[in-house]
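Residues per chain are reported as follows:
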Amino acid sequence: MSQVSSSRVSSSSVPSSRVSSWGRLSDAEHSVVPITSADAAPAILQASAPGIARGMERSYGDVALNAGGTLWDTRSMNRLLAFDDATGILTVEPGVLLRDIQATFSRQGWMLAVTPGTEIVTVAGAIANDVHGKNHATMGTFADHVVSITLVRTDGEVIVCGPGDEPESRGWFEATCGGLGLTGLIVQASIRLKRVPGPWLLAEDIPYQSLPEFFELSDSSEQSFEHVVSWIDITTGGGRRGILSRANPVPSPHREVPPSATSLGAAKGGITFPVVPPLSLVNSLTLPLLNRAYYRLKRTRAGSKVVHYKPFFYPLDAVEEWNRAYGPRGFYQYQCVLPRATGLESVRQILAIVARSGQGSFLGVLKTLGDREPIGMLSFARPGVNLTIDFPNLGASTLALLSSLDAVVTEHGGRLYLAKDARMPVALFEAGYPRLAEFTEYRDPGISSEMSRRLLGS
Ligand SMILES: Cc1cc2nc3c(=O)[nH]c(=O)nc-3n(C[C@H](O)[C@H](O)[C@H](O)COP(=O)(O)OP(=O)(O)OC[C@H]3O[C@@H](n4cnc5c(N)ncnc54)[C@H](O)[C@@H]3O)c2cc1C
């Protein structure tokens with residue numbers, strides 16, 4: 001479901017809507033211009049620039065926002081155009097949801113090689129943020145499986161680019177993957193799916209009691225499991241406990257396991273968080289209780305079982321609009337990757353600051369990223385340790401807390417994820433993304449977002 005909360009026709013006859021991103025930190029009017037075909041795109045872009053493309057607004061911050069300006073909406077370009085069963089190459093329009101690809105192809109023995117923690121995102125959105133999943137060590141990022149992209153610029157030029165092309169064309173590809181929608185409008189993409197035995201995984205949950213134990217477990221798991229991720233209790237300071245989950249695809253269940261109500265609930269849309277409560281339901285009173293209860297529940301259920309891919313890959317999709325739980329002021333997600341050499345120390349420092357602050361949430365994710373640099377000039381996922389924490393927006397105190405986390409990330413030479421950001425300082429952005437100067441050569445001057453103005457100055 002999109003994050004558009006209401007819509008009406010403005011005096012200029014372009015539909016104007018209030019649009020928020022997933023963090024719900026703002027709710028501003030945008031002129032939403034639908035783009036329904038690749039052929040129509042050049043003329044529409046020329047007539048309506050400047051603007052920025054939007055997908056499902058599952059990014060947490062301002063990467064797909066343009067308050068008071070234009071949003072190009074390609075969500076209705078959602079057709080699967082061609083599939084080659086010999087190579088696994090699927091050609092799609094930009095608004096196709098990852099959910100539709102997984103549902104259509106998983107029973108035929110194909111799935112996305114890389115998927116983020118929600119499947120309710122568009123292919124173009126996944127390319128523009130070069131998303132990663134729980135299998136970075138073996139599969140890299142989304143862009144590693146993109147074969148070609150068709151891009152339309154606001155001057156009407158059409159560019160087809162791919163990873164194997166000669167340098168000039170490859171440059172467009174590397175700028176567009178992870179390029180935050182700033183190089184042009186993606187109107188078509190071909191991606192290579194991965195062979196799987198079906199929609200099932202053999203998954204295992206293992207409790208851990210310390211950060212060194214997490215690293216040991218994670219490293220040994222990566223030797224024999226494709227998917228590895230952990231939930232960490234961020235209320236316990238040094239990160240004393242968490243649950244590591246690991247999984248491999250398996251042929252149709254060893255034992256007949258019907259997909260649970262939860263797993264199929266997510267597929268059908270499941271439960272929807274009903275209202276925006278007046279205050280965040282995640283606060284200093286509920287926080288330790290929620291984390292303790294979750295840890296105990298998972299610990300008692302630890303062990304191996306065959307599960308459908310949905311509850312393993314997309315546990316948060318089981319409750320639609322769960323982001324409402326943070327109340328009317330919304331929330332920040334802080335996601336950083338820190339070099340592995342000092343990863344234990346830097347993660348420990350961040351968790352200690354967070355625990356002292358009494359802020360945070362139920363969502364703390366700790367995982368390692370594989371030893372591979374990403375294709376995209378502004379892609380996030382690089383070798384190291386990834387830590388992700390949600391924070392209810394309490395105003396100045398939350399911003400001050402996040403600044404103190406920035407200091408740790410800066411000290412250790414880490415970077416923050418642009419798909420999740422709404423406030424990082426320019427200096428941290430520039431330090432974290434060394435290919436920035438190269439990227440700016442490929443920007444489309446007719447494209448601008450709130451994030452690009454905040455971090456790139458235009
Ligand atoms: C519950 C949850 C879990 C998540 N887990 C992960 C995770 O594990 N890993 C991860 O990497 N991310 C994760 N994310 C983030 C999410 O995967 C990304 O933000 C994703 O890019 C959102 O896609 P979207 O379709 O909503 O695009 P939007 O958020 O609407 O836009 C994202 C970018 O795509 C651009 N864009 C959209 N359409 C086009 C187009 N046609 N042409 C050019 N540019 C376009 C926009 O301009 C913007 O720059 C998660 C998000 C949520 C809500």
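Here the structure is a predicted model, which means the values were calculated and not measured.

Conventions we followed
Residues numbered from 1 in each chain as written. Predicted model: local features only at pLDDT ≥ 70, side-chain atom pairs only at ≥ 80, totals over all residues. Heavy atoms only, no water. Near = heavy atom within 4 Å. Polar contact = N/O pair within 3.5 Å; in protein donor to acceptor, adjacent residues only side chain to side chain. Areas by Shrake-Rupley, 256 points an atom, 1.4 Å probe, with all protein chains shown as cover. Helix = DSSP H or I, 4+ residues; strand = E, 2+ residues; numbered from the N terminus. Nonpolar A, V, L, I, M, F, W, Y, C, P; charged D, E, K, R; others polar. Domains from an automatic or database assignment. Pairing = 2+ DSSP bridges. Contact = heavy atoms within 4.5 Å. Axes fitted to C-alpha atoms, helices over the stretch in contact; angles between N-to-C directions. UniProt positions renumbered as here; feature names shortened; annotations may be inferred. pLDDT = per-residue confidence, 0-100. Buried area = accessible area lost by both parts, 1.4 Å probe. Salt bridge = Lys/Arg side-chain N within 4 Å of Asp/Glu carboxyl O. Phe/Tyr/Trp six-rings, centres within 6.5 Å; stacked < 30°, edge-to-face > 60°. Buried < 20%, exposed > 50% of the residue type's maximum accessible area, 1.4 Å probe, protein only. Lys NZ or Arg CZ within 6 Å of the ring centre and 35° of its normal.

Turning to the site of the ligand, a few remarks are in order. Neighbouring residues of the ligand: 35 residues in total, closest Ala53, Gly55, Ser59, Thr122 and Tyr417. Contact distances for the ligand include 2.8 Å between an oxygen atom and a backbone N or O atom of glutamate 57. Note that a nitrogen atom of the ligand is positioned 3.0 Å from one of the side-chain N or O atoms of threonine 74. Relative to its unbound accessible area of 980 Å², the ligand is 97% covered by the protein chains. Elements represented by at least two residues in the shell around the ligand include exactly strand S4 (51-54), helix H3 (123-128) and strand S11 (185-192). Among the residues forming the shell around the ligand, the class breakdown is 20 nonpolar, eleven polar and four charged. A domain split of the shell around the ligand shows at least three residues from each of domain 1 (80-196) and domain 2 (200-425).

Strand pairs in the sheet, formed through backbone hydrogen bonds, run parallel or antiparallel to each other. The strand order across the open sheet formed by eight strands is S17-S13-S15-S14-S20-S21-S19-S22, and the pairing between neighbours is antiparallel. Taken across any chain shown, the strands that pair with only one partner, and hence form the sheet edges, are strand S17 (303-308) and strand S22 (415-416). With two bridges joining them, strand S14 (residues 227-232) and strand S20 (residues 364-369) adopt antiparallel strand pairing. Counterpart to tryptophan 231 in the pairing with S20 is valine 365. The strands touched by helix H6 (residues 211-224) within the sheet are strand S13 (200-208), S14, strand S15 (242-250), S20 and strand S21 (384-392), with S20 carrying the most contacts at an inclination of about 50°.

Moving on to the pairing of strand S7 (residues 89-92). In terms of strand pairing, strand S6 (residues 80-84) meets S7 through four bridges, oriented antiparallel. Paired with alanine 82 across the two strands is threonine 91, which belongs to S7. Direction of pairing for S7 relative to S11: antiparallel, over a ladder of four bridges. Within S11, the position partnered with leucine 90 by the bridge is isoleucine 191.

This next bit is on the UniProt feature "domain: FAD-binding PCMH-type" (unreviewed entry) in the protein chain. Per the UniProt record, the feature "domain: FAD-binding PCMH-type" (unreviewed entry) sits at residues 25-196. Overall, residues 25-196 shows 21% helix and 27% strand. The separation of its end C-alpha atoms is 39 Å.

What follows deals with the confidence of the model for the protein chain. Looking at the protein chain, the pLDDT average stands at 91 and 92% of residues meet or exceed 70. Per-element confidence in the protein chain is highest for H3, whose mean pLDDT is 99, and lowest for strand S1 (residues 4-9), whose mean pLDDT is 34.

On to the domain arrangement of the protein chain, then. Annotation of the protein chain at the domain level lists domain 1 (80-196) and domain 2 (200-425). Each of domain 1 and domain 2 has a C-alpha centre, and the two are 24 Å apart. Counting residues at the interface gives 36 residues for domain 1, matched by 30 residues for domain 2. At the boundary of domain 1 with domain 2, total buried surface from both sides reaches about 2,800 Å², with 55% on carbon and sulfur atoms. A per-residue breakdown of the area domain 1 buries against domain 2 is headed by His132, Lys134 and His136, which together make up 25% of the total. Across the domain 1-domain 2 interface, the total number found is three salt bridges. A salt bridge links lysine 310 to glutamate 119; the shortest N-O distance between them is 2.4 Å. Secondary-structure elements contributing two or more residues to the side of domain 1 that touches domain 2 are helix H2 (98-105), helix H4 (136-139) and helix H5 (167-176).

A word on the packing of aromatic side chains. This model, assessed by the stated rule, comprises 15 aromatic pairs. An angle of 70° between the planes, with centres 5.1 Å apart, marks the rings of phenylalanine 214 and phenylalanine 215 as edge-to-face. The same class applies to phenylalanine 214 as to phenylalanine 215, namely buried. Ring plane angle 15° and centroid distance 4.4 Å describe the contact between phenylalanine 380 and tyrosine 417, whose orientation is recorded as stacked. Residue phenylalanine 380 is found in the loop between S20 and S21, and its partner tyrosine 417 is found in the loop between S22 and helix H12 (426-432); the two are separated by 37 residues along the sequence. Across this residue pair, the class does not change: phenylalanine 380 and tyrosine 417 are buried. One aromatic cluster in this structure is built from Trp22, Tyr60, Trp322, Tyr326 and Phe331. Lying across the ring of tyrosine 433, arginine 415 places its NZ or CZ 4.5 Å from the centre.

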